[in-house]
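Take a look at the letters that make up each chain.
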Amino acid sequence: MTRGRIRARLRRSHLYTFGCLKPSTIEEPPHPLQGPGFTRTVHCNQPQLHEKKPLYYCKNDISTTKYNVITFLPKALFEQFRRVANIYFLLAACLSASPISPFSPLSMIAPLAFVVGLSMAKEALEDSRRFLQDVKVNRRKVNRHKGDGVFGPRSWQNIMVGDVVKVKKDQFFPADLLLLSSSYEDGICYVETMNLDGETNLKVKRSLESTLVLDNDEVFRDFSGIIRCEDPNPNLYTFVGNLEYERQIYPLDPSQILLRDSKLRNTDYIYGVVIFTGHDSKVMQNSTKSPSKRSTIEKKMDYIIYTLFTVLLLISVISSIGFIIKTKYQTPQWWYLWPDNIEYQYDPNKIGVAGMSHLVTALILYGYLIPISLYVSIEVVKVLQATFINQDIQMYDEETGTPADARTSNLNEELGQVDTILSDKTGTLTCNQMDFLKCSIAGTAYGVRSSEVELAAAKQMASDIDDGDSDLSSFPVLNAKSKVTWDSSIRSDEIELETVVTSKGDEDQKHAIKGFAFEDDRLMNCNWLKEPNADDLLMFFRILAVCHTAIPELNEETGVYTYEAESPDEGAFLVAAREFGFEFCRRNQSSIFVREKFSASRQVIERDYKLLNLLDFTSKRKRMSVIVRDDEGSVFLMCKGADSIIFDRLSKNGKTYLEATTRHLNEYGEAGLRTLALAYRKLDEQEYSAWNNEFQKAKSAVGADREAMLERVSDMMEKELILVGATAVEDKLQKGVPQCIDKLAQAGLKIWVLTGDKMETAINIGFACSLLRQGMKQICITTPVSDAMTNDVKQAIKDNISNQITNGSQSIKLEKDPHAAFALIIDGKTLTYALEEDMKHQFLGLAVDCASVICCRVSPKQKALVTRLVKQGTGKTTLAIGDGANDVGMIQEADIGVGISGVEGMQNSSVRNSDWPTRRLKPSTSFQAVMASDFAIAQFRFLERLLVVHGHWCYKRIAQMICYFFYKNIAFGLTIFYFEAFTGFSGQSVYDDWYMILFNVVLTSLPVISLGVFEQDVPSEVCLQFPALYQQGPKNLFFDWYRILGWMGNGLYASLIIFFLIVTIFYDQSFRSDGQTADMAAVGTTMFTCIIWAVNCQIALTMSHFTWIQHLFVWGSIATWYVFLSLYGMLSPTYSKTAYQILVEALGPAPIYWTATLLVTVACNLPYFAHISFQRCFNPMDHHIIQEIKYYKKDIEDQHMWTRERSKARQDTKIGFTARVEAKIRQLKGKLQKKQSSFAISAPS
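Because the structure is a prediction, the values reported are computed rather than measured.

About the thresholds
Residues numbered from 1 in each chain as written. Predicted model: local features only at pLDDT ≥ 70, side-chain atom pairs only at ≥ 80, totals over all residues. Heavy atoms only, no water. Pairing = 2+ DSSP bridges. Helix = DSSP H or I, 4+ residues; strand = E, 2+ residues; numbered from the N terminus. Patch = residues over 30% accessible without salt bridge, like charges linked within 9 Å, V, L, I, M, F, W, Y side chains within 5 Å. Areas by Shrake-Rupley, 256 points an atom, 1.4 Å probe, with all protein chains shown as cover. Salt bridge = Lys/Arg side-chain N within 4 Å of Asp/Glu carboxyl O. Axes fitted to C-alpha atoms, helices over the stretch in contact; angles between N-to-C directions. UniProt positions renumbered as here; feature names shortened; annotations may be inferred. Buried < 20%, exposed > 50% of the residue type's maximum accessible area, 1.4 Å probe, protein only. Core = buried A, V, L, I, M, F, W, Y, C linked by side-chain atoms within 4.5 Å. Contact = heavy atoms within 4.5 Å. Phe/Tyr/Trp six-rings, centres within 6.5 Å; stacked < 30°, edge-to-face > 60°. Lys NZ or Arg CZ within 6 Å of the ring centre and 35° of its normal. Parallel < 35°, antiparallel > 145°, perpendicular 65-115°, else oblique. Nonpolar A, V, L, I, M, F, W, Y, C, P; charged D, E, K, R; others polar. Expected span 1.5 Å × (residues − 1). Left-handed = near helix turned anticlockwise from the far one by under 90°. Disulfide = S-S within 2.5 Å. Arc of directions from axis to C-beta. pLDDT = per-residue confidence, 0-100.

Caption draft 1: Broad picture of the sheet that holds strand β5 (residues 176-182). Spatially, β3-β2-β4-β13-β5-β11 is the arrangement adopted by the six strands of the open sheet, whose pairing is antiparallel. The outermost strands of the open sheet, each flanked by one partner alone, are β3 (150-155) and β11 (257-258). Sheet analysis places strand β4 (residues 164-168) next to strand β13 (residues 269-276), joined by five bridges and oriented antiparallel. Within β13, the position partnered with V167 by the bridge is I270.

Caption draft 2: Quick look at a nonpolar patch on the surface. Taken together, F309, L313, V317, I321, I325 and Y329 make up a surface patch of nonpolar side chains, about 540 Å² in accessible area. Mapping Y329 onto the fold places it in helix α7 (residues 296-330).

Caption draft 3: Layout of the sheet that holds strand β9 (residues 241-245). Strand order across the open sheet formed by four strands is β1-β8-β9-β10, with antiparallel pairing between neighbours. Of all the strands in the sheet, just β1 (40-44) and β10 (248-252) have a single pairing partner and so form its edges. Averaged over all neighbouring strand pairs, the angle between strand axes comes to 20°, with direction disregarded. Here five bridges tie β9 to β10, and the two strands are oriented antiparallel to one another. Counterpart to N242 in the pairing with β10 is P251.

Caption draft 4: Broad picture of the UniProt feature "active site" (unreviewed entry) in the chain. UniProt annotation of "active site" (unreviewed entry) refers to D424 when read in the numbering used here. Relative to the helices and strands, D424 is located in the loop between β15 (418-423) and β16 (430-441). Given a relative accessible area of 0%, D424 falls into the buried group.

Caption draft 5: Broad picture of the nonpolar core. Grouped together as the largest cluster of nonpolar side chains are 114 residues, with contacts concentrated most on I962, Y991, Y995, F1039, F1066, F1088 and W1121. A total of 18 residues in this core trace back to one element, the largest contributor, which is helix α27 (residues 942-982). Here F1088 is in contact with F972, Y991, Y995, F999, L1003 and W1121, once residues within four sequence places are set aside. Formed by 60 residues, the second largest nonpolar core is a distinct cluster that contains M395, L879, V1022 and C1023.

Caption draft 6: Molecular detail of the packing of aromatic side chains. Here the structure, examined in full by the defined rule, presents 52 aromatic pairs. Pairing Y303 with Y306 gives two aromatic rings, centres 5.9 Å apart and planes at 80°, and the pair type is edge-to-face. With Y303 and Y306 both in helix α7 and three residues apart, the pair spans about one turn of that helix. With relative accessibility at 43%, the residue Y306 sits in the partly exposed group. When the centroid spacing of 5.8 Å and the interplanar angle of 15° are considered together, the rings of Y563 and F584 count as stacked. Of this pair, Y563 sits in strand β19 (residues 560-564) while F584 is found in strand β20 (residues 582-587), placing the two residues 21 residues apart along the sequence. Residue Y563 is classed as buried on the basis of its relative accessible area, which comes to 1%. The buried category is assigned to F584, whose relative accessible area is 0%. When the ring centre of Y57 is taken as reference, the NZ or CZ atom of R40 above it lies at 3.8 Å.

Caption draft 7: Representation of the side chain of D134. Here D134 is to be found in helix α4 (residues 105-138). The residues touching D134, leaving out its near neighbours within four places in the chain, are I62, S63, T64 and T65.

Caption draft 8: Fine view of the packing of α7 against α27. Following both chains from N to C, one finds α7 and α27 inclined at 5°, their axes separated by 12 Å at the closest point. On the basis of the axis angle, α7 is roughly parallel to α27. On α27, the residues that touch I297, M301, I304, I305, L308, I315, I318 and S319 of α7 are Y955, I958, A959, I962, F966, I970, L974, F977 and E980. Looking at the contact of α7 with α27 residue by residue, the classes come out as 15 nonpolar, one polar and one charged.

Caption draft 9: Expanded view of the side chain of N1050. With respect to the secondary-structure elements, N1050 resides in helix α31 (residues 1041-1066). What makes N1050 buried here is its relative accessible area of 12%. Not counting residues within four places of it along the chain, the set of residues in contact with N1050 comprises Y967, Q1098, C1164 and Y1168.

Caption draft 10: View of helix α9 (residues 373-390). Along its 18 residues, α9 runs 26 Å from first to last C-alpha, staying within 8% of the 26 Å computed at 1.5 Å per residue. Restricting attention to buried positions, one finds in α9 the residues S373, L374, Y375, V376, S377, I378, E379, V381, K382, Q385, A386 and I389.

Caption draft 11: How the structure looks around the packing of α7 against α31. Between α7 and α31, the shortest axis-to-axis distance is 12 Å and the interhelical angle comes to 40°. If you check the angle between α7 and α31, you find them oblique. The way α7 lies across α31 gives a crossing that is right-handed. Counting all contacts with α7, which are made through K300, Y303, I304, T307 and L308, the residues of α31 involved are W1041, I1044 and M1048. Here the residues of the contact of α7 with α31 are counted per class, giving six nonpolar, one polar and one charged.

Caption draft 12: Highlighting unusual backbone geometry. Of note, E246 is a non-glycine position whose phi angle comes to about 50°, a positive value. Residue R247 is not a glycine yet carries a positive backbone phi of 65°. When you line up the elements, R247 lands in the loop between β9 and β10. Judged by its relative accessible area of 87%, R247 falls in the exposed class.

Caption draft 13: Quick look at the state of the cysteines. Applying the stated criterion to the full structure yields zero disulfides. Cysteine C1164 shares no disulfide, and the gap to the nearest cysteine sulfur, in C1090, comes to 7.5 Å. You can call C1164 buried: its relative accessible area is 0%.

Caption draft 14: Structural detail: helix α22 (residues 840-849). For α22, the set of buried residues is K840, F843, L844, L846 and A847. The buried side chains of α22 occupy one side of the element, clustering within an arc of 165° when seen end-on.

Caption draft 15: Focus on the environment of H841. Counting through the fold element by element, H841 comes out in helix α22. Sequence separation between H841 and L869 is 28 residues; the distance between their C-alpha atoms is 8.2 Å.

Caption draft 16: Representation of the pattern of salt bridges in the model. This model, assessed by the stated rule, comprises 42 salt bridges. In this structure, K610 and D608 form a salt bridge, with 2.9 Å as the shortest nitrogen-oxygen distance. By relative accessible area, K610 is classed as partly exposed at 37%. Among the salt bridges present, the one from R681 reaches E687, with a minimum N-O distance of 2.3 Å.

Caption draft 17: Here's a closer look at the environment of V84. Looking at the element boundaries, V84 is found in helix α3 (residues 84-95). C-alpha separation for the pair V84 and M301, spaced 217 residues apart in sequence, amounts to 9.1 Å. The contacts of V84, once residues within four sequence positions are left out, are D302, I305, Y306 and Y375.

Caption draft 18: Geometry of the environment of N886. For N886, the position within the fold is in the loop between β31 (877-882) and α24 (888-893). Separated by 600 residues in the primary sequence, N886 and N286 have C-alpha atoms spaced 7.8 Å apart.

Caption draft 19: Spotlight on the confidence of the model for the chain. Per-residue confidence for the chain averages 80 on the pLDDT scale, and 82% of its residues sit at or above 70. Low confidence marks residues 467-511, where pLDDT is under 50. Its contacts with residues over four positions away, or in another chain, come to 56 contacts. The low-confidence segment residues 903-926, where pLDDT is below 50, has 81 contacts with residues more than four positions distant or belonging to other chains.

Caption draft 20: Main features of the pairing of strand β27 (residues 750-754). The buried count for β27 comes to four of five residues, which makes it a mostly enclosed element. Here four bridges tie β15 to β27, and the two strands are oriented parallel to one another. Note on β27: the bridge partner recorded for L422 is W752. Looking at chain direction, β27 and strand β30 (residues 852-856) are connected through three bridges and run parallel. Opposite V753, over in β30, you have I854 as the bridge partner.

Laid out in structure tokens, this is it:
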């Protein structure tokens, strides 16, 4: 039987009571729509009326790009000239056209044009990728009513308000639609909203009863109507409007609205009319414009440029003052130097003009203090760094064939300075797979497999015992007798731990059924019939198979049923029931059919359970129940829900297994498992009939109190229950997520989870990934329930929330236990108030003090607002990671946005196993998160390597590279100033023009690029073993003002040594065999040689990691200088001028040239060498110690020391597996200490 036929006969509205009620024939009064915020009018099936004002609304095409054809040039130029250095060089390029410039215009304009042009081309390339993805979305097709009852395909971008569209199964909705009808006779449809709110379960939407007749193409020939509704807004969960149709007015609510980027599931088709298009749609209202992001280092670099510009201005003013004094008072005395025509810039009679002219000349001449090539070099380095990130095989996902993708290289170094990670949950942390792992039935625990949390604790404990760090080592051994007893206890625990640790490997081979990780021979293969409480076991299995709202699907290839359930837990329960021999096979309007197997011979009995009532699950009720009549005529209420709710509803004789079940539930909770309690009640006919009359009255009631009436009547029935047992399912995280979170926590990062899921789900995921743990004190901030929302009520709610936040902060301050950890949990409704201006900093203060923060039921807009609050409120670097359209705002708002890619491929591979219901992972539109992101990775676990390895490397590389750049330019640029002062502020450069051009472009560019690309303080595996090294970035140890000014001081020192030592050596002293003294060309060339040697030796001392590329670039740059000098000197004097044959004939044969070069090079680098030697000996940094351990191979020869150093290299954290295991160990040590105390008391004196 095909899936469509199964569902076509279902009238689901007969089953639901709370969430999906069938529209009543008695309509409620429509909402009065008037005034601001309710001005939208939509003429259904008449889109032509919306082609002109006042009914013209925005088009349906979308754009997520930063630029377009018109704005690219002005916006891109603005981005480039936000850089202070570029503004300076632009002014210098303009002034270079004047006669007072010491350089030609081409030499100033060409480098600037190259730098700006290269950066703009890079921006255009990155934005073009976003543009192509936008085009792909806008050109999707959907069937639209053309007229006369004919539907045909049309691009999304051409859909207009008022259009009637037909969306087919597994297609996305092209705009926000009003549901008119569906392939189901009740007008319901199933919608996947994962891209909007992150929820994995399917939503049931329903049309108005009045539009159910619009169920085929022909009927739309004459269809018309008017929708009056709210204006575009970002609220995903609200909608107010009404429909005027056939002279009747019908109120509309969110249950009739299909939102753009939602997906139609399990429904053949729907008809809908377009209400909001394009950027008016709710998902786009939740998005933000693509921001222009700059890294913290780049922003700080502007301040360094300001500093250097101040220095440049200062020495230029000094130079001009000196020039004015020389021109005014000394030049008139030099009558023998007077020219025939005195130019205005040298005229002592126009000293003001002369001084200003020289100031401009000096500003251009000393411009080498500000490195224009720095930006080009950084761009080149960042692109190469991004290439290495993309090609990192350790971040390649083999399942999906997806590599990492650095979509923008502007933020590479920012990866190494992250303080807070804000993560989506569904599809990012979880893969939405629940495994039935354990259960407690009739007071007996079943299931021998260990959870991931139990395994981690066991491994750590076993490791501690093996290392000799057992619990006994911290306590005194009183005597031999107590020691024997104690050792026996320890060995017993060790054996138990060893069993747990080693058992899982064998079990993994057996575990091949998705959703069912249970293993216990007592229940499998009908062995449960041999158990003493077989009747209770039978009821337990029947509750699993009957108490649900799922729909079965028969896989014709395997003959096995899979299930479409509203929650992954429910799907796991049905798979478990099937494996226990109770297979749910089909359902109709009034019955649920279960195939029950009572013997290993596969004899199957199909039982028909008449479905009388279904009391659905809501977050308020925290339970669901079904009332069924079995084939013997008995009526049962079967219930499952949160244990705290179920236990309060037990009858006196229903608490037989309460104590044992409670103990098991606590154990399951400590193991990180999600639990539910199962109970039932047998009803007599008279009692049921009386209750059902009341229930039907409440169900058919009209008014605001209908929900309350249904709740009250349900409470009447869901009492006097008999407890059967409890379930424990393990929420499967994505591969490596717990380990990744643990490593990030050890690296000192804070992790917040922002999800659209319910609070219970979010909390369970928090436990699963160790953001929460048993014993952690949860601070839950919630909004008090209130029907009326007057100003007074709103203020009262705000005051209540403020008090909750204050109390939470006070609890943290008064806590004296150093190991105590707090978790903040807040929902979206409360967050609306907490994010208001007068409360947000109070909320942030509490959140920062907590070890972990979980925000649930949040809208995409709220995700972005929370991210902005953390970014601006803390002033630290934030990273947002997500995989759906609902995460785009958050990703764009954060300093770094990371998108999860490759999910569609993961979905395809994961559904091959037919034993698990279709995995509802993010659809292919997850590219929206990827396209909005700065970096894309295939799975969350790759974030560990992206930050701890590449982030750490990139931060240190860029920081060292920039500091070195300023060092070498100061060392070079100040020598020009010294020479001008030495020569009477003449405006003359000591260096040949070609020397100055080649200094940054050729002779010092490649070594600094190799530093930025290849430098490694420690290898990648050591970065992961010593995660605390990452804190060098957030603490900014390599780019603080102390280090920056230190490098600048080093440059100043080098410039003084180079200039004055060379001038002293060459001053009125012969340097050639014939007694000639050095001219300006010889002195300038020697000084330049010393600069090339000094700065290249300096970068060699800076590097920690050498490859043949670094050797080639560093020593090759020095060799290139001599090759250039030889070739340049061979040119005709017309071109080489004073440098003609200067190396071969003048400097090369002179020993003083080579001696001076050696002396100056050593003198320039000696202080830095002394500094790093002193630091490594007396005040080493973390990576210095690790480098020495690795150099002397102590990591291989002395494993104990290596392990000890690794244990030190962890930031103190209260989240993650490590913190959870340590808490477990502290708990066990406490128990062992009590046991030892009792031994000591009982031991004879």
